[in-house]
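Reading the structure
One letter stands for each residue in the lines below.
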Amino acid sequence: MAGIQGLRGSGQFAADFRPKNYRELYSLLEPNGNAPLNALLSMTSSDSTDDPEFKNFRDELPARTLTVNGAVNNSATSITVASGNDNLFAVGGTIVVNSLTNEVMRCTADASATTLTVERGIGGGAAAIVDGAKLFIAGSAFSEGSNTPTGVSFDASVASNFTQIFRTAFTITNTLRATNLRTGDKEDEMTTKALKMHMQDIERAMFFGKKFEANAASAQPTRYTGGLINSITNVNDRATASNVMTEDQFDRSLIEDVFAFGGNQKIMFCGAKVAGHLQKFGKDRWQPTVVEGSYGVGLTRYSTFAGDLMVHLHPQFRQVPGMENAAVIIDFPHLKYRYMEGRDTSLLRDRQANGADQVAHEYLTECGLELLQDKTHNYIKNWNATA
C-alpha cells in the first residue's frame, strides 16, 4: 500500500484504478453535458450483443377495428369492408358494433378478406351504415351446445438495428509532448476534448442516425445505427397545423398520443423554442426539483392528468439546425443501449505507425440503439408557436 500526501489528481492513478468504460466515465463527469441521453443510458439500460445486427420482438394487442367500404341500408346482411388483418378476427359468433350508431351485429360466418356476413340489429336499433364507418369487435356470443369457433391468433413483429463503429483519433508530435505550455499538458487536454467529441458523435447518431448496411456481402461492411427520429412512428408534425400547437392541443396530444402507450412518466429532450412554449403554459405545473433516478441529469417535471414529462433542454438541439422547435419524448424502459461485446467505449493508445515521431490515440465504440417498442416514444417537430 502506497501512502499519498496532499492534493490528489487523476494523473496519480495507475491504469488499473481508472474506469475501463470511458462512456460511463464521461457520464459521471458531465451528466448535463452534450450527451445527456447517453448519460442516462449508461446508468440504466445497457446490454452487450454478440452480433452487429440485434433484433427484438414487438407485440401488442390488435385494435380489431374494421372500416366499411360502401354504404349499406339497415337490412343488408353482407357488408363490404376495407382489406386489413383485423378483418380476420371477425369469425362466426363475433359481435361487431357500429361506432357511429351503436348498432350491435353478430357475424354468422367467418369474414373473408373484405366481406362480413352478419345478423343485424341485435336487441333492436338496426340503422343504415355509411361509407367509411368504423366497426369494432366487442366480444362474441354463442348458443348453448354450439361447436368450437374458428381459432384466431396474432404474431409478434421483428425489429432490428445495427451497431455502428465510432472512431475519434487525435495525434500530437513528441516535441509538443515535451513542450512546457502555460495551458497545461496538451496530450491530457486533447484526450479530454476527443472524448467529448466522441460522445457527441454517438449522441447525434442516437437521435439522427438511419439504419443502413453498405457492402453487406463484403468482408468489410459499413453499418449505420438507426436513431430515434428515424425510428419513432408516433410523429406530431405541426407543419400540418400552421406550425402552431396551443396548450389545449398539447394536453390532448399527451392524452391521446404521448401517454397512450407505455408508462406514465417519460423524458422529453427538447429545443429552446419548445422549452419556451412549455414555460408559457400553466406555470403551476412546473416543479423545478431534482428527479429521483435521473443520475445527475437535470430534469424538470411537467405534470399533467395523463402523466409526467421530465423535461431536459438538450444542448445539441441548440446546435443542430431545425431542432429548436422539436422535442423527442422517450419511454426509457423501452429503450436500450447495445454495444458489441468487448467494444464499448475505450481509449486505444499508441496507434501511430512504427518510426513516427508522434503519438496517436483514439476512442473507439461499436454500439447501437434498440427500441423495444416504438409506439411508446414520440417526436414533435415544427412547433413554432402556441397561438
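Keep in mind that what you see is a predicted model, and the values were worked out from it rather than measured. (Residues numbered from 1 in each chain as written. Predicted model: local features only at pLDDT ≥ 70, side-chain atom pairs only at ≥ 80, totals over all residues. Heavy atoms only, no water.)

**Observations regarding the overall build of the protein chain**
Looking only at helices and strands, the protein chain has seven helices and 22 strands in total. Considering the protein chain as a whole, with its 387 residues, one finds that 41% of them fall into the buried category. Sequence-distant contacts in the protein chain: of pairs separated by 6 or more residues, those separated by 24 or more amount to 72%. Here the protein chain has roughly 20,500 Å² of accessible surface; of this, 49% comes from carbon and sulfur atoms. (Helix = DSSP H or I, 4+ residues; strand = E, 2+ residues; numbered from the N terminus. Buried < 20%, exposed > 50% of the residue type's maximum accessible area, 1.4 Å probe, protein only. Contact = heavy atoms within 4.5 Å. Areas by Shrake-Rupley, 256 points an atom, 1.4 Å probe, with all protein chains shown as cover.)

**Looking at the packing of aromatic side chains**
Across all of its chains, the model carries ten aromatic pairs by this definition. Plain terms: the ring middles of Phe212 and Tyr224 are 6.1 Å apart, the flat faces sit at 35° to each other, and that makes the pair tilted. Taken together, the residues Phe212 in strand S11 (residues 212–214) and Tyr224 in strand S12 (residues 222–224) connect sequence positions twelve residues apart. When its relative accessible area of 48% is taken as the criterion, Phe212 is described as partly exposed. Given the relative accessible area of 35%, Tyr224 is considered partly exposed. (Phe/Tyr/Trp six-rings, centres within 6.5 Å; stacked < 30°, edge-to-face > 60°.)

**Concerning the pairing of strand S18 (residues 327–330)**
Side chains Ala327 and Ile329 of S18 all project onto a buried face; the interleaved residues Val328 and Ile330 project onto the opposite face, where all are buried too. Relative to S18, strand S14 (residues 265–270) runs antiparallel, the two sharing four bridges. Among the inter-strand pairings, Cys270 is bridged to a residue of S18, identified as Ala327. One ladder, built from three bridges, connects S18 with strand S22 (residues 378–381); its direction is antiparallel. By the bridge assignment for S22, Ile329 is matched with Asn378. (Pairing = 2+ DSSP bridges.)

**Topic: the pairing of strand S16 (residues 300–303)**
One ladder, built from four bridges, connects S16 with strand S17 (residues 308–313); its direction is antiparallel. What sits directly across from Tyr302, in S17, is Leu309. Turn length for the S16-S17 hairpin, with the two strands adjacent in sequence and antiparallel, is four residues.

**Examining unusual backbone geometry**
One non-glycine residue with positive phi stands out, namely Asn215, at about 55°. With respect to the element layout, Asn215 can be found in the loop between S11 and S12. For Asn215, a relative accessible area of 54% corresponds to the exposed category. A positive phi angle, close to 65°, is found at Asn243, a residue other than glycine. Asn243 sits in the partly exposed class, given a relative accessible area of 23%.

**Observations regarding helix H4 (residues 186–208)**
An ideal rise of 1.5 Å per residue puts 33 Å on 23 residues; H4 measures up with 32 Å between its terminal C-alpha atoms. Of all the positions in H4, only Glu187, Thr191, Ala194, Leu195, His198, Met199, Gln200, Ile202, Glu203, Ala205, Met206 and Phe207 are classed as buried. (Expected span 1.5 Å × (residues − 1).)

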